[in-house]
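In case you want the letters, here they are:
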Amino acid sequence: ENILDGYRAVVLVSMPKTGEILSMVSKPDYPPDLFTGATTVDEWQNIISNPEKPLLNRITHGLYPPGSTLKMITAMMLMEKGKINFSEKINCNGVYVLGDRQFHCWKEFGHGEMDIEQAITQSCNVYFYHVVQRLSIDEWANACAEFGFGETTEIDLASEAKGIVPNSSYMNKQYGRWGWSKGHLLNLSLGQGELVVTPIQMMQFINCLAMGGTAPALHLAKDKPAALHSVKRFSQQTWRRMEKYMRNVVSSAHGTGKRANPGIAGLTIAGKTGTAQNPHGEPHAWFIGYGEKDNKLISVVVLIENGGHGGVTAAPIARRVFDFLFSSSDNLKLAFSL
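Residues numbered from 1 in each chain as written. Predicted model: local features only at pLDDT ≥ 70, side-chain atom pairs only at ≥ 80, totals over all residues. Heavy atoms only, no water.

A.B. asks: Would you explain the overall build of the protein in this entry?
C.D. replies: Within the protein, the secondary structure is distributed over 12 helices and 11 strands. Here the protein has a C-alpha radius of gyration of 20 Å; the compact-globule value for 338 residues is 20 Å, and the two agree. Seen through its C-alpha atoms, the protein measures out along the principal axes to roughly 60 × 50 × 40 Å. Looking at the protein alone, contacts between residues at least 24 apart form 68% of all its contacts between residues at least 6 apart. Summed over its atoms, the accessible surface of the protein is roughly 15,200 Å², and 49% of this surface lies on carbon and sulfur atoms. When the 32 basic and 31 acidic side-chain charges of the protein are each reduced to a single mean position, those positions are 7 Å apart. (Helix = DSSP H or I, 4+ residues; strand = E, 2+ residues; numbered from the N terminus. Rg over C-alpha atoms; globule rule 2.2 N^0.38 Å. Contact = heavy atoms within 4.5 Å. Areas by Shrake-Rupley, 256 points an atom, 1.4 Å probe, with all protein chains shown as cover. Lys, Arg positive; Asp, Glu negative; His and termini not counted. Charge placed at Lys NZ, Arg CZ, Asp CG, Glu CD.)

A.B. asks: How do you make sense of the sheet that holds strand β10 (residues 281-293) when you look at a structure like this?
C.D. replies: Sheet strands associate in pairs through backbone hydrogen bonding, adopting either a parallel or an antiparallel arrangement. Reading across from one edge, β2-β1-β11-β10-β9 is the order of the 5 strands in this open sheet, with antiparallel pairing throughout. The open sheet terminates on both sides in strands that have one partner only, identified here as β2 (20-27) and β9 (268-278). For this sheet, the mean inter-axis angle between neighbouring strands, taken without regard to orientation, is 10 degrees. As judged from the 9 bridges shared by β10 and strand β11 (residues 296-304), these two strands associate in the antiparallel manner. Residue pairing in the sheet places I288 in a bridge with V301 of β11. Sheet contacts for helix α9 (residues 199-210): β1 (9-15), β2, β10 and β11; angle to β11, the most-contacted strand, approximately 145 degrees. Contacting β1, β2 and β11, helix α12 (residues 329-337) runs over the sheet at an angle of about 90 degrees to β11. (Pairing = 2+ DSSP bridges. Axes fitted to C-alpha atoms, helices over the stretch in contact; angles between N-to-C directions.)

A.B. asks: Which parts of the structure should I look at to understand the packing of helix α3 (residues 71-80) against helix α10 (residues 236-251)?
C.D. replies: If you want to describe how two helices pack, look at the angle between their axes and the distance between the axes. Between α3 and α10, the shortest axis-to-axis distance is 10 Å and the interhelical angle comes to 140 degrees. When the interaxial angle is binned, α3 and α10 end up oblique. As α3 runs across α10, the sense of the crossing is right-handed. Contact with α3, carried on its side by M72, A75, M76, M79 and E80, involves T238, W239, R241, M242, Y245 and M246 of α10 and no other residues of that element. Considering only residue class, the contact of α3 with α10 consists of 8 nonpolar, 1 polar and 2 charged. (Parallel < 35°, antiparallel > 145°, perpendicular 65-115°, else oblique. Left-handed = near helix turned anticlockwise from the far one by under 90°. Nonpolar A, V, L, I, M, F, W, Y, C, P; charged D, E, K, R; others polar.)

A.B. asks: Got a minute to help me understand the pairing of β9 in this structure?
C.D. replies: When you tally the buried positions in β9, you get 8 out of 11 residues, the bulk of the element. Of the pairings in the sheet, the one linking β9 to β10 comprises 10 bridges and is antiparallel in character. Residue pairing across strands places T273 opposite F287, the latter belonging to β10. Counting the residues in the hairpin turn of β9 and β10 gives 2 residues. (Buried < 20%, exposed > 50% of the residue type's maximum accessible area, 1.4 Å probe, protein only.)

A.B. asks: Mind showing me how you'd approach the environment of M76 here?
C.D. replies: With respect to the helices, strands and loops of the structure, M76 is situated in helix α3. In sequence terms M76 and S235 are 159 residues apart; their C-alpha atoms lie 9.6 Å from each other. Residues contacting M76, with those up to four places away along its chain left out, are F147, L209, F234, T238, W239 and M242.

A.B. asks: Honestly, helix α6 (residues 137-146) in this entry has me stumped. Any pointers?
C.D. replies: Each full turn of the α-helix corresponds to 3.6 residues, which orients residues three or four apart in the same direction. Buried residues of α6: I137, W140, A141, A143 and C144, and no others. Within α6, the buried residues cover an arc of 160 degrees as seen down the axis, which keeps them to one side. Against the buried residues of α6 lie α3, α7 (168-175) and α8 (182-189). The first or second residue beyond α6 is G148, which carries a positive phi of 110 degrees. (Arc of directions from axis to C-beta.)

Here it is as structure tokens:
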């Protein structure tokens, strides 16, 4: 709550092994006592006309492009289908040209020679512009759907938004059969374009990654039986490779998520940053990840609306969460005894 004062933002903290939500914060919010007595017309008008939208539960109803956090799905599909040579290098000079369009990397002058491990660690756009064309839009969309995007998580709350995962049928309806092209897939592979997700879906996503494909459903009620959410299309080798790459994102000197690492002995963190362009101002900043120490596993999702680069704005907030929990044995014991 204190960290997010002044932001339009979400932070979620959960336990991937059980699906329990430890913390969920959506900012800005409103004082609950506003509704405990007679609410004046002026008070009501002030809150519903507030451009910061304090009544919006961004956790379940905020719809955002996920940015580069979804590069992991593209990479896993390519690995699983044998369409990646792990020693293959692709040169990133900062821009990729397809037809008469230019697609830019976030690093203006490029990353140089990139293999898949380096491309995830440094979140190289140009690498993914090249390789995503080895997939069809429906192969990519089906994988996203299996992680739960485009559907509700069925968390025990009153309602939640589904978001959108565009496949070929969706694109044909939106643009006509000949009105869209490979350029749309390039954007989608970077978590842009028509794709929108909720933060609670992102928590389900990172928990599946943390648990190697099968994670208990997210829930708030202590006695809620946790159904399992399973992603079955990937081999154990693919899960292990992705975990290694996500650890590099946080531990490598060149990793975009290095600011999420509090440097606690014995704590291993894996994650991914995202910088999601939007037409209404600065990009949204994402960090999703999980930390493990002494067999205690915690996952974190951070979204900062118009926060800029995920590695600069969202990752340091995740670091504070990891630091709070894992630097104090008392705090960790409390979290696991709730």
